[in-house]
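A closer look at the structure
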Amino acid sequence: MKLRLIIALMVLTFAAGAGQAQSRGALRINEVMVVNDDNVVDDYGRHTAWIELFNSGFAPLEISKIYITNDKANPTMYPVPLGDVNTRIPKRQHVIFWADGNPTLGTFHTNFTLEPGKDNYIAIFDADGHTLIDEVTVPADLVPNTSYARSIDGSGEWQVRAATGDNDYITPSSNNVIKEGNSKVQFFSERDENGLGLTVMAMCIVFSALLLLSICFYIINRIGAAVLRRNKMKSQSQQPSEAATAEKPSHDSGEEIAAIVMALHEHLNVHDRESTVLTLNKVRKAYSPWSSKIYNMRELPNRAKH
Amino acid sequence: MNFGDFLMQNLHQFWQLTGFYNSTWENFVMLAVGLFFIWLAIKKDFEPMLLVPIGFGILIGNVPFNTMAGLEIGIYEEGSVLNILYNGVSAGWYPPLIFLGIGAMTDFSALIANPKLMLIGAAAQFGIFGAYMVALLLGFSPDQAGAIAIIGGADGPTAIFISSKLAPNLMGAIAVSAYSYMALVPVIQPPLMKLFTTKKERQIKMKPARAVSQNEKIIFPIVGMLLTCFVVPSGLPLLGMLFFGNLLRESGVTTRLAKTASNALTDIVTILLGMTVGASTQASQFLTAQTIGIFALGFMAFVIASSSGVLFVKLFNLVLPESKKINPLIGNAGVSAVPMSARISNNLGLQYDPSNYLLMHAMGPNVAGVIGSAVAAGVLLGFLA
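Just so it is clear, the model here is predicted, and its values are computed rather than measured.

1. Some words on the sheet that holds strand S11 (residues 155-161) of chain A
Residue and element names in this part refer to chain A. Read across the open sheet, the 5 strands follow the order S7-S2-S1-S10-S11; overall the sheet is antiparallel. Both outer strands of the open sheet, strand S7 (94-98) and S11, are each paired with one neighbouring strand and no more. Taking each pair of neighbouring strands and ignoring which way they run, the sheet shows an average axis angle of 30 degrees. Where strand S1 (residues 27-33) lies against strand S2 (residues 50-55), 6 bridges are found, and the strand directions are antiparallel. Residue pairing in the sheet places Met 33 in a bridge with Trp 50 of S2.

Next up, the structure:
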């Protein structure tokens, strides 16, 4: 009973761990604008401060019930409401929350505002209200219509963006870094034109993986052989006989194994489970009325004779 | 409009929908290719399980129709039946299911009994990366080169899996090329094996492998999955399913699941995979100069893979004691065309010594090749996806 309880607890622990793995830890504050005079407008056509959140994971993320706050002392300032389909953020995508202090305007309008000229603390907490997911303090000297953004989506250094050049752009609800193709492929195109580098690395990895497996099984072989020897010696010491003391070959040939299996089958009717050797399986075709066709057919009623 | 005009107008419209009206010479070329595959499978017995579905799929995919009519029948038209079935190929979930079946069918005893044979499976992956370098030279981008090079692994599901991730537009040509060369293994490999070996080497007799306990067979898929996937997590879909299938087989307590995975499930997925891969080779997508390049590179990858396996054994023999020498004829089996290439090793070995049965020895590198090509695929995905 105790063993069952322990197993059940272990399963529950693992399940809880798996649940944790699906948590909202992948959510990131990605870009913030405190004073918005001529940047993006909300769904009412108004310019207000905004906070961009980013799902840095590769699975969709449901953010209802998380908390967004601008007050360290009050982590449950704005709970993201339930029941809005837009709170499910697809993989590697963004949503914008409008920090306009007017939550009656919709799910994405917070009940707090951001204050120009002051440090603005912004944090997101998980549904339990005390697990911090991400936080940032937007500096007080952020000038109007500039944003405070991560250099790379979901990670990287925070930087001020003023939309003044090619690499300095404000990106509400889109990637902070504009991608032009697969960066890995570009990297290999530029740095490994003839493919020798990748070939050497890849072959080393393939050899290492299989060598590791090979060594591992060499060790398991040795351990298995040692255990077998020990068991054999133990059984010999318990039942000493002339046959047991006879010298055994280091390996068995297929013919010997086949002969042993045949002998077992003939005299003891013991079934060998080793599929690679020789498996003798008696095929039984026992009659069962449950599968009999005759019972599935209705007999024609006999016409009564008058 | 009188009744005659009505009939003529509608019949004319119908005529415009028919295959005869919409056909081009490219369609007929592809139909001929499909028929050739079916002929190879039925008359020559070349991988019939694969070539019949692929060949017939080519026929299905190349029946011409008016693509502007909105009939939703083409494999590339979203929502069509073929498109839904093709999702398993384009999203890459058929290949791991095939690997589950391969795992449930494969006996790794030969490998467990003689673990050093795993290195032959690793050496044969030179074919993949040799072809990768040549593909780059021919002007393919690194992701396309990686997808084409995987043909050298001689593993159709892996080729489909990788090309669906790295170069979806080349997948049809890559898949057909991979399966064609797998079918041609008995033609391609023996001359190479003879070329790189001496008569004396071909007659090397290897010690019979020791018997492997059931415990070892159970430990193998668990340790194998953990070790290989810790090294190459990107190979998890293939390696995870391969070893899972093998555990179903060897555990001894899931016989029904193992039987389903190795029989019914594999058969269903093979039918769908083969047919949809064949149907994806629509003339407009398939008959390009790139396809010729892919077939040439695929052939080269196969040659390098087979040769490097044989040459690696010769090299390995230099450091092995006389009693433990390996017959280089099993080197070709490092490619993962299971069990075809192992059978070729055995047949060629018997030609030079009628008492020298190499089949079980060759199965070691053969199944190591399956693991090796899945690891190589994971490496390519990790670097290029």
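What follows continues from the structure just given.
2. A look at the environment of A:Thr110
Residue and element names in this part refer to chain A. Note that Thr 110 resides in the loop between S7 and strand S8 (120-125). Counting along the chain gives 88 residues from Thr 110 to Leu 198, while the straight-line C-alpha distance between them is 49 Å. The contact partners of Thr 110, leaving out residues within four places of it in the chain, are Tyr 78, Phe 97, Trp 98, Ala 99, Asp 100, Gly 101, Asn 102 and Pro 103.

3. Details of the confidence of the model for chain A
Residues at a pLDDT of 70 or more form 73% of chain A, whose mean pLDDT is 80. Ignoring residues within four places in sequence, the model shows residues 16-22 of chain A, a span with pLDDT below 50, making 0 contacts including any to other chains.

4. A short note on the interface of chain A and chain B
Listed by partner, the interface residues are 34 residues for chain A and 48 residues for chain B. Between chain A and chain B lies a buried interface of about 3,600 Å² when both sides are counted; carbon and sulfur atoms form 75% of it. On the chain A side of the contact with chain B, A:Leu210, A:Leu213 and A:Phe217 bury the most area, a combined 17% of that side's loss. Scanning the region where chain A abuts chain B turns up 4 residue pairs in polar contact (both at pLDDT 80 or more).

5. With respect to the packing of helix H9 (residues 126-137) of chain B against helix H19 (residues 289-317) of chain B
Residue and element names in this part refer to chain B. Look at H9 against H19: their axes get within 7 Å of each other, and the N-to-C directions meet at 140 degrees. Here H9 lies oblique to H19, going by the angle between them. The two elements H9 and H19 cross, and the hand of that crossing is right-handed. Contact with H9, carried on its side by Phe 126, Gly 127, Gly 130, Ala 131, Val 134 and Ala 135, involves Leu 297, Met 300, Ala 301, Ile 304, Ala 305 and Ser 308 of H19 and no other residues of that element. Across the contact of H9 with H19, the residue classes tally to 9 nonpolar, 3 polar and no charged.

6. Some remarks on the packing of helix H11 (residues 156-166) of chain B against helix H21 (residues 359-384) of chain B
All names here are of chain B. Following both chains from N to C, one finds H11 and H21 inclined at 5 degrees, their axes separated by 10 Å at the closest point. As summarised for this structure, H11 and H21 are arranged roughly parallel, according to the angle between their axes. In contact with Thr 158, Phe 161, Ile 162, Lys 165 and Leu 166 of H11, H21 contributes Ser 373, Ala 377, Leu 381 and Leu 384. Of the residues belonging to the contact of H11 with H21, the class tally is 6 nonpolar, 2 polar and 1 charged.

7. Description of the pairing of strand S10 (residues 147-152) of chain A
Residues and elements named next belong to chain A. Buried residues dominate S10, accounting for 5 of its 6 residues. Here S10 pairs with S11 via 5 bridges, running antiparallel. The partner of Ile 152 across the bridge, within S11, is Ser 155. Counting the residues between successive antiparallel strands, the hairpin from S10 to S11 contains 2 residues, one of them, Gly 154, with a positive phi of roughly 80 degrees.

Each value, and the rule that gives it
- Residues numbered from 1 in each chain as written.
- Chains lettered and ligands numbered in written order.
- Predicted model: local features only at pLDDT ≥ 70, side-chain atom pairs only at ≥ 80, totals over all residues.
- Heavy atoms only, no water.
- Pairing = 2+ DSSP bridges.
- Helix = DSSP H or I, 4+ residues; strand = E, 2+ residues; numbered from the N terminus.
- Axes fitted to C-alpha atoms, helices over the stretch in contact; angles between N-to-C directions.
- Contact = heavy atoms within 4.5 Å.
- pLDDT = per-residue confidence, 0-100.
- Buried area = accessible area lost by both parts, 1.4 Å probe.
- Polar contact = N/O pair within 3.5 Å; in protein donor to acceptor, adjacent residues only side chain to side chain.
- Parallel < 35°, antiparallel > 145°, perpendicular 65-115°, else oblique.
- Left-handed = near helix turned anticlockwise from the far one by under 90°.
- Nonpolar A, V, L, I, M, F, W, Y, C, P; charged D, E, K, R; others polar.
- Buried < 20%, exposed > 50% of the residue type's maximum accessible area, 1.4 Å probe, protein only.

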